[in-house]
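Breakdown of the fold
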Amino acid sequence: LAGDIPVDTRDEKSRKRSLDACARAVNNGSSIVIYAEGTRNPRPSDGLLPFKTGAFRTAKACGVPVLPVALHNTGNAMVRLMRIRAGVRMTCVIGEPIMIADDDDLTAVSAKTRAWIETTLAELDRERVDDDERAKLCVPGDYGSAGKA
């Protein structure tokens with residue numbers, strides 16, 4: 001349907017087949033999305049799960065950059081069975097591409113990517129607190145200068 005590549009993360013052969021399929025897709029000109037944590041985090045408030053290196057190995061083997069993406073507030077918006085709650089604001093921030101050289105250590109590239117995502121999520125958390133504080137200052141029915149003659 002959407003070109004999904006299935007993976008059973010508990011099975012090493014399935015993981016290898018999936019990464020091979022990802023490499024074929026990239027080499028055929030497709031973009032792919034791999035969640036470096038390897039699964040949904042049941043408690044996003046505890047921070048990111050450890051990153052796996054499959055996305056970084058695939059990018060390095062194909063000679064393409066990793067494009068880090070920070071997805072904020074998805075834990076509050078998405079409940080079990082991938083149902084999305086209405087009225088929850090989610091934010092997606094796309095970072096600068098990270099090219100992986102032949103001699104780059106994938107653990108270091110993974111750590112750099114993770115650090116960017118953590119910093120970005122922390123900034124978005126601060127912005128949300130600021131938004132919540134501004135919302136408390138608004139009185140229902142008071143729209144400021146909007147609509148005043």
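What counts, and at which threshold
- Residues numbered from 1 in each chain as written.
- Predicted model: local features only at pLDDT ≥ 70, side-chain atom pairs only at ≥ 80, totals over all residues.
- Heavy atoms only, no water.
- Helix = DSSP H or I, 4+ residues; strand = E, 2+ residues; numbered from the N terminus.
- Buried < 20%, exposed > 50% of the residue type's maximum accessible area, 1.4 Å probe, protein only.
- Polar contact = N/O pair within 3.5 Å; in protein donor to acceptor, adjacent residues only side chain to side chain.
- Contact = heavy atoms within 4.5 Å.
- pLDDT = per-residue confidence, 0-100.
- Pairing = 2+ DSSP bridges.
- Core = buried A, V, L, I, M, F, W, Y, C linked by side-chain atoms within 4.5 Å.
- Axes fitted to C-alpha atoms, helices over the stretch in contact; angles between N-to-C directions.
- Parallel < 35°, antiparallel > 145°, perpendicular 65-115°, else oblique.
- Left-handed = near helix turned anticlockwise from the far one by under 90°.
- Nonpolar A, V, L, I, M, F, W, Y, C, P; charged D, E, K, R; others polar.
- Salt bridge = Lys/Arg side-chain N within 4 Å of Asp/Glu carboxyl O.

Glancing now at the side chain of H72. By the element assignment, H72 lies in strand β1 (residues 69-72). Note on H72: relative accessible area 7%, which makes it buried. There is a polar contact of 2.8 Å between the side chain of H72 and the side chain of D125. If sequence neighbours within four positions are ignored, H72 has contacts with R89, M90, T91, L121, L124, D125 and R128.

Take the confidence of the model for the protein chain next. Residues at a pLDDT of 70 or more form 82% of the protein chain, whose mean pLDDT is 81. Predicted confidence for residues 138-149 stays below pLDDT 50, and this span has zero contacts to residues more than four positions away or in other chains.

Another aspect to go through is the pairing of β1. Every second residue of β1 is oriented toward a common face, the buried set being A70 and H72 and the non-buried set V69 and L71. The sheet contact formed by β1 and strand β4 (residues 91-94) spans four bridges and is antiparallel. Each residue of the ladder has a partner; that of A70, found in β4, is V93.

Of note, T91 is situated in strand β4. A relative accessible area of 24% places T91 in the partly exposed class. Residues T91 and L71, 20 residues apart in the sequence, show an inter-C-alpha distance of 5.9 Å. For T91, the contacting residues outside a window of four places in its chain are A70, L71, H72 and L124.

Let us now look at the nonpolar core. Ranked by size, the top nonpolar core spans 13 residues in total, and within it F51, F56, I100 and I117 carry the most contacts. Contributing elements (two or more residues each) for this core: α2 (54-62) and α4 (106-137). With four residues, the single largest contributor to this core is α4. The residues contacting F51, other than those within four sequence positions of it, are A36, E37, F56, S110, T113, R114 and I117.

Quick look at α2 now. For α2, the complete set of buried residues consists of G54, A55, F56, T58, A59 and C62. A positive backbone phi angle near 70° is found at G63, which sits one or two residues after α2.

A few words on the packing of helix α1 (residues 12-27) against α2. Remark: α1 packs on α2, axes separated minimally by 10 Å, with the N-to-C direction vectors making an angle of 40°. The pairing of α1 with α2 is recorded here as oblique in orientation. In terms of crossing hand, the pair formed by α1 and α2 is right-handed. Of the residues in α2, those in contact with L19, C22, A23, V26 and N27 of α1 are G54, R57, T58 and C62. Looking at the contact of α1 with α2, its residues break down into five nonpolar, three polar and one charged.

Applying the stated criterion across every chain yields a total of three salt bridges. Here D8 makes a salt bridge to R10, at a shortest N to O gap of 3.1 Å. Overall, the relative accessible area of 28% leaves D8 in the partly exposed class. Relative accessible area serves as the criterion here: at 74%, R10 is assigned to the exposed category.

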